[in-house]
Amino acid sequence: MDLASLIRNVPDFPIPGIQFKDITTLLLHPAAFRFVIDGWKARYADKGITAIVGADARGFVFGGALAYAMGLPLVMARKKGKLPADTISEEYELEYGTATLEIHRDALKPGDRVVLIDDLLATGGTMRAISNMVEKLGAEIVEIAFVVELPPLKGRVKLEPHAVHSLVEFMVD
Ligand code: AMP
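Residues numbered from 1 in each chain as written. Predicted model: local features only at pLDDT ≥ 70, side-chain atom pairs only at ≥ 80, totals over all residues. Heavy atoms only, no water.

Helix and strand content of the chain: five helices and nine strands. Helices and strands in the chain line up, N terminus first, as β-β-α-α-β-α-β-β-β-β-α-β-α-β. The C-alpha radius of gyration of the chain comes to 15 Å, within 12% of the 16 Å expected for a compact globule of 173 residues. Considered along the principal axes of its C-alpha atoms, the chain spans approximately 40 × 35 × 30 Å. The buried share of the chain, reckoned over its 173 residues, is 47%. Considering only contacts within the chain whose residues lie at least 6 apart along the sequence, 57% involve residues at least 24 apart. Summed over its atoms, the accessible surface of the chain is roughly 8,400 Å², and 54% of this surface lies on carbon and sulfur atoms. Across the chain, 19 positive and 23 negative side-chain charges occur, with their mean positions spaced 3 Å apart. (Helix = DSSP H or I, 4+ residues; strand = E, 2+ residues; numbered from the N terminus. Rg over C-alpha atoms; globule rule 2.2 N^0.38 Å. Buried < 20%, exposed > 50% of the residue type's maximum accessible area, 1.4 Å probe, protein only. Contact = heavy atoms within 4.5 Å. Areas by Shrake-Rupley, 256 points an atom, 1.4 Å probe, with all protein chains shown as cover. Lys, Arg positive; Asp, Glu negative; His and termini not counted. Charge placed at Lys NZ, Arg CZ, Asp CG, Glu CD.)

Structure representation (structure tokens):
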């Protein structure tokens, strides 16, 4: 499956200099979406996974589908102010700007074994914040998975020592 050809490049979005990798075009192809989810489902079967953590917002699309496919709980890491109950929070840096993410304190517990999901790994700031929160709640991170990775931005280094998996690489920054 040639996923790369289904991901649209949008130059200078949301600010000049960013090559935005648009996964909405991949989602228009059900066979490609199924390929992504079924691949991860096979990869994480028999790994003792107890929950999937999805990153706001495109991580909800992929993480939600994976949680459904695997019959596992979906934990939502949301942008600040969206979760209604008691949360932990972590500030992070994006490729463009800064933000804060939150997770409900009762969403994970010690003994949980989780996979973290987002659409794209750029600098790794977003997932570093989420992985910090997940670990503070006592859960074990089995792997962090992305559809797209931008290797020149060295997100993998920021996520060490966690295992990182991606399906498509673009050599742009
Ligand atoms: P980062 O924290 O730098 O790894 O950025 C990852 C987050 O920002 C993900 O949620 C992506 O959806 C989004 N993002 C960052 N850079 C891009 C890009 N070039 N194209 C599409 N999404 C991006």
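Okay, the nonpolar core next. Nonpolar side chains tend toward joint burial in soluble globular proteins. One finds Trp40 and Phe62 to be the most contacted residues of the largest nonpolar core, which totals 26 residues. Per-element tally for this core: the top contributor is helix α2 (residues 30–44), with five residues. Among residues more than four places away in sequence, those in contact with Phe62 are Ile23, Leu26, Leu27, Phe33, Val36, Ile37, Trp40, Ile117, Asp119 and Val147. Counting residues in each nonpolar core, the second largest holds 25 residues, with Ile88, Tyr92, Phe146 and Val164 among its members. (Core = buried A, V, L, I, M, F, W, Y, C linked by side-chain atoms within 4.5 Å.)

On to the side chain of Thr100, then. On the secondary structure map, Thr100 appears in strand β6 (residues 98–104). Non-local contacts of Thr100, meaning those with residues more than four positions away in its chain, are made with Arg78, Lys79, Lys80, Ser89, Glu90, Glu91 and Tyr92.

Before going further, it helps to examine the sheet that holds β6. Strand order in the open sheet made by the seven strands is β5-β6-β4-β3-β7-β8-β9, with mixed pairing throughout. Either end of the sheet is taken by a strand with one partner, and the two such strands are β5 (87–93) and β9 (164–169). Geometrically, the sheet is characterised by an average inter-axis angle of 20° between neighbouring strands, direction not taken into account. Looking at chain direction, strand β4 (residues 74–79) and β6 are connected through two bridges and run antiparallel. Note on β6: the bridge partner recorded for Arg78 is Glu102. Helix α4 (residues 125–136) contacts β3 (51–55), β4, β5, β6, β7 (113–121) and β8 (140–149) of the sheet and is inclined by roughly 155° relative to β5. (Pairing = 2+ DSSP bridges. Axes fitted to C-alpha atoms, helices over the stretch in contact; angles between N-to-C directions.)

As a further point, take the pattern of salt bridges. Under the criterion given, the structure shown has nine salt bridges. Two residues, Arg8 and Asp22, come together in a salt bridge whose shortest N-O distance is 2.9 Å. Note that Arg8 is positioned in strand β1 (residues 8–11) and Asp22 in strand β2 (residues 19–22), a separation of 14 residues in sequence. Taking the shortest distance from any N to any O, the salt bridge between Asp112 and Lys109 comes out at 3.6 Å. (Salt bridge = Lys/Arg side-chain N within 4 Å of Asp/Glu carboxyl O.)

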